[in-house]
2 protein chains.
Amino acid sequence: MTPVVPAAVEAARGLVDPVMREAVARLDPITARVAAYHLGWADAAGQPVSHGGKALRPALAVLSARAARGGADVGAVVGAAVELVHAFSLLHDDIMDGDRVRRHRPAAWTVFGRSEAILAGDALLALAGELLVEPGTPGFVDAARALGRTTRGLIAGQALDLEFERRDDVTLEECLRMSARKTGDLLACACSIGATAVAGPGPLVSALAAFGMEAGVAFQLADDLLGIWGSPEATGKPVLSDLRARKKTLPVVAALTSGTAAGERLARLLALPGPLPEPDLRDAARLVEEAGGRAWAETEAKHRLDAAGLHLDTAGMPADVRAEFLDIVLYLTGRDR
Amino acid sequence: MTPVVPAAVEAARGLVDPVMREAVARLDPITARVAAYHLGWADAAGQPVSHGGKALRPALAVLSARAARGGADVGAVVGAAVELVHAFSLLHDDIMDGDRVRRHRPAAWTVFGRSEAILAGDALLALAGELLVEPGTPGFVDAARALGRTTRGLIAGQALDLEFERRDDVTLEECLRMSARKTGDLLACACSIGATAVAGPGPLVSALAAFGMEAGVAFQLADDLLGIWGSPEATGKPVLSDLRARKKTLPVVAALTSGTAAGERLARLLALPGPLPEPDLRDAARLVEEAGGRAWAETEAKHRLDAAGLHLDTAGMPADVRAEFLDIVLYLTGRDR
């Protein structure tokens, strides 16, 4: 079953898209073309198409402004800034991880070259900062500070991710810490930045950020589960691609550190040299499940969602905003299941 | 003859260094280590050393604050931000250009890996933005906007540079436009950002930026001449490395588009497949000179310096600041000659 995209997500896209397009139009034509391809606005030849992501983070940012009674104009700017940082990190991560497919299409670096993709990522990061300093209000200055801190978090998460690939003794705790940086920080920022930009009350901003952090880790767990058991239609990537790349995802590390016989067999399988053939990948997936990695990740995701809900309850906001926040987070963590 | 480093440069380093170190200390340990190596503060093992660049841009930024009667605290922050953006661009450019040596040491990506160097560059760019939004004054917000525009300029210049490597019909005008983005924009920013941060008069900011732009192109011309005829001691790179990499530098393009027989022979030489052996590289350098590329670049640099001086005269600032600006720019464009 494919859940329906929440209405708030489509609405946010309409709000945020013009701001992002205006920003990208400031770039030189070469870099703008790479950015437009990566953002799903154009094909490799520069012809307009529509392959965008689901704009879930912008939707959360728009809601976070509404939670503090901020207007749509604030939501549009913070939503665009958050999505630009997200796009920057995907662009650079694909280069680093050697991932060749993104959202059912060849990754930008495979189309335009590594150097051009590095530059386009740099440009998206710079544009995000520009958007937040332009309004010039104290709230937006605080939002720019928050996005800077968040960017450092994303970088720290990716740095750990790269380090983990070279280690075979990664603990589950380390892995959760990495997810908190790599996924949690940006969701925490998305869920609170609008309230920051309108200079909303501190406790509201903190509660929203805590909500986003828990939701972000829940999302990472769901995404890791999809990376093993999801269909290519849902993930936009080849089947079993996370195992093929021997990624130390949360369910895999849970299995490897389970102390079970299945966990040990999984470790031996993943330590084999050379690319793993399809049957071995299917065996690996089975062993993750047998070692309890799948069940642990599903339970942990549920706990995180419960914790997220509690933070949302303490935040205090209009009931319709609260409902839409929950809709998006349930969609984010439940797609294709 | 090696000219003496102007005193203002050393003074600026003392002012800016603590701000940069405090900023880099915010990063995760993995990324901070790559950054510290690249910035010349540590060796590959993380042990403290001192291999820093000359901090010319921070010195210009500090002067730009003094030009508008701003304090040393302002100069320290804008100087650090400008140097962080400079360091970010060098780090990423070395990866893109495949340059293996930077400031007499192995380039960071050759030591820590491409992915780690991409991340560290991202981090330095993010930190620069953070430093400028922290004070929260309208002047600093304007400075953050200016640095954002400048970053886009640097990216546009590097995008053109990459494009030019694949083309054999680059005009001198295109090449100058590229240098204006790649080198001019950051110098224009360095020379004016302090005045912007203290909300100095608009005409002063404009005149300082115009001064920096002309000085920047003069510096690029001087650097391109050094890339062909400079000693490895002066450049920190192997001799003839720009010709070895077949870079479309300004003197080379001037020679190629000179319409002379030497220019045609140079074009044929540079079109040969495979790496060029040392004697061919020396021939190429001779042909650039014979075709008038060297003389053109020297004359153009002189014109740019004259133009820079005129802008400085219209700017209006304390006489000692004006003298120090000129000292640094003469040093920047005249080192090793």
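Note that the coordinates shown come from a computational prediction; the quantities given were computed from them, not determined experimentally.

Participant: Looking at this model, I keep getting lost on helix 8 (residues 172-197) of chain A. Mind explaining?
Facilitator: An α-helix turns once per 3.6 residues; consequently, residues spaced three or four apart project the same way. Residue and element names in this part refer to chain A. For helix 8, which comprises 26 residues, the first-to-last C-alpha distance of 35 Å matches the rise-based estimate of 38 Å (1.5 Å per residue) to within 8%. Of all the bends in helix 8, the greatest measures close to 45° and is centred on Gly184. In terms of residue burial, helix 8 counts as a mostly covered element, since 21 of its 26 residues are buried. Within two residues after helix 8, Ala199 carries a phi angle of roughly 55°, on the positive side.

Participant: Explanation requested: the interface of chain A and chain B in the structure shown.
Facilitator: Many descriptions give the size of an interface as the accessible area lost when the pieces come together. Counting residues at the interface gives 38 residues for chain A and 38 residues for chain B. Surface buried jointly by chain A and chain B totals about 3,100 Å² across both partners, of which 71% is contributed by carbon and sulfur atoms. Three residues stand out in chain A for area buried against chain B, namely Leu119(A), Arg152(A) and Ile155(A), and they jointly supply 20% of the buried area on that side. Here chain A is connected to chain B by 4 salt bridges. Residue Arg166(A) pairs with Glu116(B) through a salt bridge whose shortest N-O separation is 3.0 Å. Counting every contact that joins chain A to chain B gives 12 residue pairs in polar contact (both at pLDDT 80 or more). Residue assignment for the side of chain A that touches chain B shows that the elements contributing at least two residues are helix 2 (29-38), helix 4 (72-97), helix 6 (114-133) and helix 7 (138-165) of chain A.

Participant: Looking at this model, I keep getting lost on unusual backbone geometry. Mind explaining?
Facilitator: Across residues other than glycine, the phi torsion is negative in most instances, and most of the peptide bonds are trans. Of note in the backbone geometry, Ala55(B) takes a positive phi value of approximately 55° without being a glycine. Since its relative accessible area comes to 8%, Ala55(B) is described here as buried.

Participant: Looking at this structure, I do not really get the pattern of salt bridges. What am I missing?
Facilitator: Two side chains with opposite charge may pair up if their charged atoms get near one another. In total, this model carries 58 salt bridges over all chains according to the counting rule given. The closest approach of N and O atoms between Arg21(B) and Asp17(B), which form a salt bridge, is 2.9 Å. Of this pair, Arg21(B) and Asp17(B) both sit in helix 1 (residues 7-24), 4 residues apart, roughly one helical turn. Overall, the relative accessible area of 18% leaves Asp17(B) in the buried class. For the salt bridge of Glu173(B) with Arg177(B), the shortest nitrogen-to-oxygen distance reads 3.5 Å. Linking Glu173(B) with Arg177(B), this pair stays in helix 8 (residues 172-197), spanning 4 residues, or about one helical turn. Assessed through its relative accessible area of 56%, Glu173(B) is described here as exposed. A network of salt bridges, in which partner residues are shared, links Glu22(A), Arg26(A), Glu130(A), Glu134(A) and Arg152(B).

Participant: Sorry, what's going on with the relation of the copies chain A and chain B here?
Facilitator: Mapping one chain copy onto the other needs a rotation about an axis and a shift along that axis. Mapping chain A onto chain B calls for a screw motion: a turn of 180° about the axis and a shift of 0.0 Å along it, with 0.0 Å RMSD after fitting. Within this description, the copies of the chain are treated as partners about a two-fold rotation axis. Of all interface residues in chain A, 100% are interface residues in chain B too; the two copies therefore contact each other through one and the same surface.

Participant: Please explain the nonpolar core as it appears in this structure.
Facilitator: Nonpolar side chains tend toward joint burial in soluble globular proteins. Leu132(A), Phe325(A), Leu132(B) and Phe325(B) are the most contacted members of the largest nonpolar core, which has 180 residues in total. Filtering out sequence-adjacent residues up to four positions away, Leu132(A) remains in contact with Val77(A), Val78(A), Ala81(A), Phe140(A), Ala143(A), Ala144(A), Leu147(A) and Ile193(A).

Participant: Just to check I follow, could you spell out the side chain of Ser115(A) for this structure?
Facilitator: Relative to the helices and strands, Ser115(A) is located in helix 6. Residue Ser115(A) is classed as buried on the basis of its relative accessible area, which comes to 14%. Setting aside residues up to four positions removed in sequence, Ser115(A) forms contacts with Met96(B) and Leu162(B).

Participant: How should helix 1 (residues 7-24) of chain A be read in this particular structure?
Facilitator: Between its first and last C-alpha, helix 1 of chain A extends 26 Å over 18 residues, near the 26 Å set by a 1.5 Å rise per residue. Residues Ala8(A), Val9(A), Ala12(A), Val16(A), Asp17(A), Val19(A), Met20(A), Ala23(A) and Val24(A) constitute the buried set of helix 1 of chain A.

Participant: When you look at the packing of helix 13 (residues 261-270) of chain B against helix 14 (residues 278-290) of chain B in this model, what are you seeing that I'm missing?
Facilitator: Residues and elements named next belong to chain B. Close contact between helix 13 and helix 14 brings their axes to 8 Å; oriented N to C, the two are set at 150°. Relative to helix 14, the element helix 13 lies roughly antiparallel. Of the two possible hands of crossing, helix 13 and helix 14 adopt the one that is left-handed. Judged by residue contacts, Ala262, Arg265, Leu266 and Leu269 of helix 13 engage Asp280, Asp283, Ala284, Leu287, Val288 and Glu290 from helix 14. Residues that form the contact of helix 13 with helix 14 fall into these classes: 6 nonpolar, no polar and 4 charged.

Participant: What is the right way to look at the side chain of Asp224(B) in this model?
Facilitator: Residues and elements named next belong to chain B. Secondary-structure assignment places Asp224 in helix 9 (residues 202-229). Despite its burial, Asp224 remains without a salt bridge, the nearest opposite charge being carried by Lys247 at 8.4 Å. Asp224 has contacts with Thr249, Leu250 and Pro251, leaving out every residue within four places of it along the chain.

Participant: Would you take a moment to explain empty space enclosed by the protein for this structure?
Facilitator: Any space left empty among the atoms is revealed by the rolling of a water-sized probe across them. All chains considered together, the criterion is met by 5 cavities of 30 Å³ or more. Counted as a void, the largest cavity has a volume near 330 Å³. Lining the largest cavity are 24 residues, and of these Leu125(A), Gly129(A), Leu125(B), Ala126(B) and Gly129(B) sit closest to its centre. Of all the secondary structure elements, the ones that give two or more residues to the lining of the largest cavity are helix 6 and helix 7 of chain A together with helix 6 (114-133) and helix 7 (138-165) of chain B. Approximately 120 Å³ is the volume found for the second largest cavity. For the second largest cavity, the lining is made up of 13 residues, of which Arg13(B), Asp17(B), Met20(B), Leu39(B) and Glu83(B) are closest to its centre. Mapped by element, the contributors of at least two residues to the lining of the second largest cavity are helix 1 and helix 4 (72-97) of chain B. If one sorts the elements of the lining of the second largest cavity by residue count, helix 1 of chain B sits on top with 4 residues.

Calculation criteria
Residues numbered from 1 in each chain as written. Chains lettered and ligands numbered in written order. Predicted model: local features only at pLDDT ≥ 70, side-chain atom pairs only at ≥ 80, totals over all residues. Heavy atoms only, no water. Helix = DSSP H or I, 4+ residues; strand = E, 2+ residues; numbered from the N terminus. Expected span 1.5 Å × (residues − 1). Bend = angle between axes of the 7 residues up to and from the residue. Buried < 20%, exposed > 50% of the residue type's maximum accessible area, 1.4 Å probe, protein only. Contact = heavy atoms within 4.5 Å. Buried area = accessible area lost by both parts, 1.4 Å probe. Salt bridge = Lys/Arg side-chain N within 4 Å of Asp/Glu carboxyl O. Polar contact = N/O pair within 3.5 Å; in protein donor to acceptor, adjacent residues only side chain to side chain. Least-squares fit on C-alpha atoms with pLDDT ≥ 70 in both. Core = buried A, V, L, I, M, F, W, Y, C linked by side-chain atoms within 4.5 Å. Axes fitted to C-alpha atoms, helices over the stretch in contact; angles between N-to-C directions. Parallel < 35°, antiparallel > 145°, perpendicular 65-115°, else oblique. Left-handed = near helix turned anticlockwise from the far one by under 90°. Nonpolar A, V, L, I, M, F, W, Y, C, P; charged D, E, K, R; others polar. Lys, Arg positive; Asp, Glu negative; His and termini not counted. 1 Å grid on protein atoms, 1.4 Å probe; cavity = no way out; pocket = protein on both sides within 12 Å on 5 of 7 lines; lining within 4 Å. Points joined across faces, edges and corners; volume = space filled by probe spheres on them.

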